[in-house]
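Breakdown of the fold
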Amino acid sequence: MIPVTAYAGRAVGVLGLGRSGLAAALALRAGGAEPLCWDDAEAARAKAEAAGFEIADLGRAREAARLACLVVSPGIAHLYPRPHQAVAQAQAAGVPVDNDVGLFFRALLETEPEDGPAPKVVAVTGSNGKSTTTALIHHVLRSAGRPAQMGGNIGRGVLGLDPPGPGAAIVLELSSYQIELARALAPDVAVFLNLSPDHLDRHAGMGGYFAAKRRLFELGAPERAIIGIDEAEGRFLANTHHAPILVSVKSRPRGEGWSVFMHRNHLTEWRAGRQQAAIDMRPALALRGAHNHQNAAAAYAACRALGLAPRQIEPALIDFPGLAHRMEPVGSARGVSFVNDSKATNADAAEKALLAFENIRWIAGGRPKEGGIAPLRPLFPRIARAYLIGEAEAAFAATLADVPHARCGTLERAVAAAWAEARPGDVILLSPACASFDQFASFEARGDAFRALASACLEEQVAQEAGP
């Protein structure tokens, strides 16, 4: 872990005791602080107490008054739609409110550098593609022999990482929740991929959502800013930063600095008015589709900013295995393929999968996001039939209108119906365009369930073909 010594000898509240919260409590204790822990879930409190932490209801004024700082986990509201009671009490008592990301950067800044090159931190944000881009940068660095760790919103919590040695890199996926509250941000390289409507209740609209993302480039003041400019927000952000590295999958960017873009299936680096490198992305099977090309272009730019040569980057792009629940091939039989894209929790993310396939048996639904699936209407002709589940079932059925669809209720019934009706050449695609929390604990749990159901269908087919 990375010890946090800034609060040695003082009490620090830790609100939320999941992966990042427990890592923060451990790091504070290792640095000499006295963590006071709280979670609204009794099971989480019991787990922390079993690990030797003091449990205190931080929503009470007398507890808040004891604190030198309150560390808040990203899933807990600190402003909109309303602050958690513990946050409100801390603010009323004049207690600084921070998160593990802020503590992480402060700890690194206060660490005496060892002999050798200073460690570098890459921070990746955006609405879609953060996890894939973060994992891809990490994969490229490790493949090139560079010591690297990955954490934040993927892998380990930031304070659960090992202290980086000379010449090492830490690659962080950071959500708007994590960026918005951090009191310190200091990445060497910051990446902005894209912006689409999401988490609007937590940010009181798109303006607040974009403002949270922008803090990484304003408070963070990275040495290198890599900015996707295929949306208006990215173009605006690029205009406010000196000599950014521009990324696009739609056209060759114009302007100062240098750029990475897609041209006829080739990832192309353009600098000083000349092409510097071109990588054929067609063999990169885990990076299919325009959205993954954007991820690859941003990852390439980040690795170039860290000093890697194109020849070091290219083979790692090609052999990248991809991430679970993100257009993940599950298997195929009788000419029908199953694809698990459970991570697609909004319409913008689902659009990427619908663009990547044809003859789609689309499983969609769950807890709906603002706007529903109306933005996907231009892609409805690609859908052979939709199979709707969860709380969004009725609303999605109304939007689909004359598009063939079935209201299945549960994922189990949807998979069974899609498999029974599928024809050779069809793709049974779970890309829900919804959060999972109406029927599943997470998008991972939903994807795991889909994978198990698909595997059962495939195994049954194999048994039938084998005969008695």
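Remember, it's a predicted structure, so these values are computed and weren't measured experimentally.

1. Overview of the overall build of the protein chain
- When its secondary structure is counted, the protein chain shows 16 helices and 22 strands.
- Against the 2.2 N^0.38 benchmark of 23 Å for 468 residues, the protein chain shows a C-alpha radius of gyration of 23 Å, consistent with a compact globule.
- Burial statistics for the protein chain: of 468 residues in total, 54% are counted as buried.
- Of the roughly 19,200 Å² of accessible surface on the protein chain, 51% is carried by carbon and sulfur atoms.
- In the protein chain, 47 side chains carry a positive charge and 48 a negative one; their mean positions are 4 Å apart.

2. Describing the packing of aromatic side chains
- Within this structure, the stated rule accounts for seven aromatic pairs.
- Pairing Phe192 with Phe210 gives two aromatic rings, centres 6.2 Å apart and planes at 65°, and the pair type is edge-to-face. Placement of the pair is Phe192 in strand E9 (residues 189-192) and Phe210 in helix H9 (residues 206-218), with a sequence separation of 18 residues. Across the pair, Phe210 and Phe192 agree in class, each one buried.
- Between the aromatic rings of Phe338 and Trp419, the centroid separation amounts to 5.4 Å while the plane-to-plane angle is 35°, which identifies the pairing as tilted. Here Trp419 lies in helix H15 (residues 411-421) and Phe338 lies in strand E16 (residues 336-340), a separation of 81 residues in the sequence.
- Classification of Phe338 by relative accessible area gives buried; the value is 1%.
- Judged by its relative accessible area of 9%, Trp419 falls in the buried class.
- Members of the aromatic cluster, connected to one another through ring pairs, are Phe192, Phe210, Phe217 and Phe236.
- Above the face of the Tyr7 ring, Arg106 is positioned so that its terminal group lies 5.3 Å from the ring centre.
- Its guanidinium or amino end placed over the ring of Tyr177, Arg202 lies 3.7 Å from that ring's centre, counting from NZ or CZ.

3. Here we look at the pairing of strand E8 (residues 169-173)
- Summarising burial for E8: five of the five residues are buried, a large majority.
- Here strand E6 (residues 120-125) pairs with E8 via five bridges, running parallel. From the neighbouring strand, Val121 faces E8, where its bridge partner is Ile170.
- Relative to E8, strand E7 (residues 148-152) runs parallel, the two sharing five bridges. Of the residues in E8, the one forming a bridge with Gln149 is Ile170.

4. Remarks on the nonpolar core
- In this structure, Tyr7, Leu28, Phe104, Leu159 and Leu172 are the most contacted members of the largest nonpolar core, which totals 51 residues.
- Among residues more than four places away in sequence, those in contact with Tyr7 are Val12, Leu28, Gly32, Ala33, Ala68, Cys69, Leu103 and Arg106.

5. Focus on the pattern of salt bridges
- All told, the structure shown has 20 salt bridges when counted by the stated rule.
- Across the pair Glu269 and Arg271 runs a salt bridge whose closest N-O atoms are separated by 2.6 Å.
- Since its relative accessible area comes to 0%, Glu269 is described here as buried.
- Its relative accessible area of 28% is what places Arg271 among the partly exposed residues.
- Of the charged contacts, one joins Arg367 and Glu391 as a salt bridge, the two residues approaching to 3.2 Å between their closest N and O atoms. With Arg367 in strand E18 (residues 367-368) and Glu391 in the loop between strand E19 (383-389) and helix H14 (393-400), this pair connects stretches of sequence that are 24 residues apart.

6. As for helix H5 (residues 100-109)
- A large share of H5 lies buried, amounting to seven of its 10 residues.
- Restricting attention to buried positions, one finds in H5 the residues Asp100, Val101, Gly102, Leu103, Phe104, Phe105 and Ala107.
- Packing partners of the buried residues in H5 comprise helix H1 (19-30), strand E4 (69-72), strand E5 (97-98), E6, E8 and helix H7 (176-181).
- You can read the cap of H5 off the contacts: a side-chain oxygen lies 3.2 Å from the backbone nitrogen of Val101, and it is on Asn99.

7. Regarding the sheet that holds E16
- Taken in spatial order, the six strands make up an open sheet running E15-E16-E21-E17-E19-E20, and their pairing is mixed. The sheet terminates laterally at strand E15 (328-333) and strand E20 (405-409), the two strands that pair on one side only. Mean inter-strand twist for the sheet, computed between neighbouring axes without regard to direction, equals 20°.
- In terms of strand pairing, strand E17 (residues 360-365) meets E19 through six bridges, oriented parallel. Residue pairing in the sheet places Gly365 in a bridge with Ile389 of E19.

8. A few points about helix H6 (residues 130-143)
- The end-to-end C-alpha distance of H6 is 20 Å, a good match for the 20 Å that 14 residues give at a rise of 1.5 Å each.
- Extensive coverage of H6 is indicated by the burial of 11 of its 14 residues.
- Burial in H6 covers these residues: Lys130, Ser131, Thr132, Thr133, Thr134, Ala135, Leu136, Ile137, His138, Val140 and Leu141.
- Tucked into the core, H6 has its buried residues touching E6, E7, E8, H9, helix H11 (290-305) and helix H12 (310-318).
- Taken from the residues just after H6, Gly145 is the one with a positive phi, measuring 85°.

Calculation criteria
Residues numbered from 1 in each chain as written. Predicted model: local features only at pLDDT ≥ 70, side-chain atom pairs only at ≥ 80, totals over all residues. Heavy atoms only, no water. Helix = DSSP H or I, 4+ residues; strand = E, 2+ residues; numbered from the N terminus. Rg over C-alpha atoms; globule rule 2.2 N^0.38 Å. Buried < 20%, exposed > 50% of the residue type's maximum accessible area, 1.4 Å probe, protein only. Areas by Shrake-Rupley, 256 points an atom, 1.4 Å probe, with all protein chains shown as cover. Lys, Arg positive; Asp, Glu negative; His and termini not counted. Charge placed at Lys NZ, Arg CZ, Asp CG, Glu CD. Phe/Tyr/Trp six-rings, centres within 6.5 Å; stacked < 30°, edge-to-face > 60°. Lys NZ or Arg CZ within 6 Å of the ring centre and 35° of its normal. Pairing = 2+ DSSP bridges. Core = buried A, V, L, I, M, F, W, Y, C linked by side-chain atoms within 4.5 Å. Contact = heavy atoms within 4.5 Å. Salt bridge = Lys/Arg side-chain N within 4 Å of Asp/Glu carboxyl O. Polar contact = N/O pair within 3.5 Å; in protein donor to acceptor, adjacent residues only side chain to side chain. Axes fitted to C-alpha atoms, helices over the stretch in contact; angles between N-to-C directions. Expected span 1.5 Å × (residues − 1).

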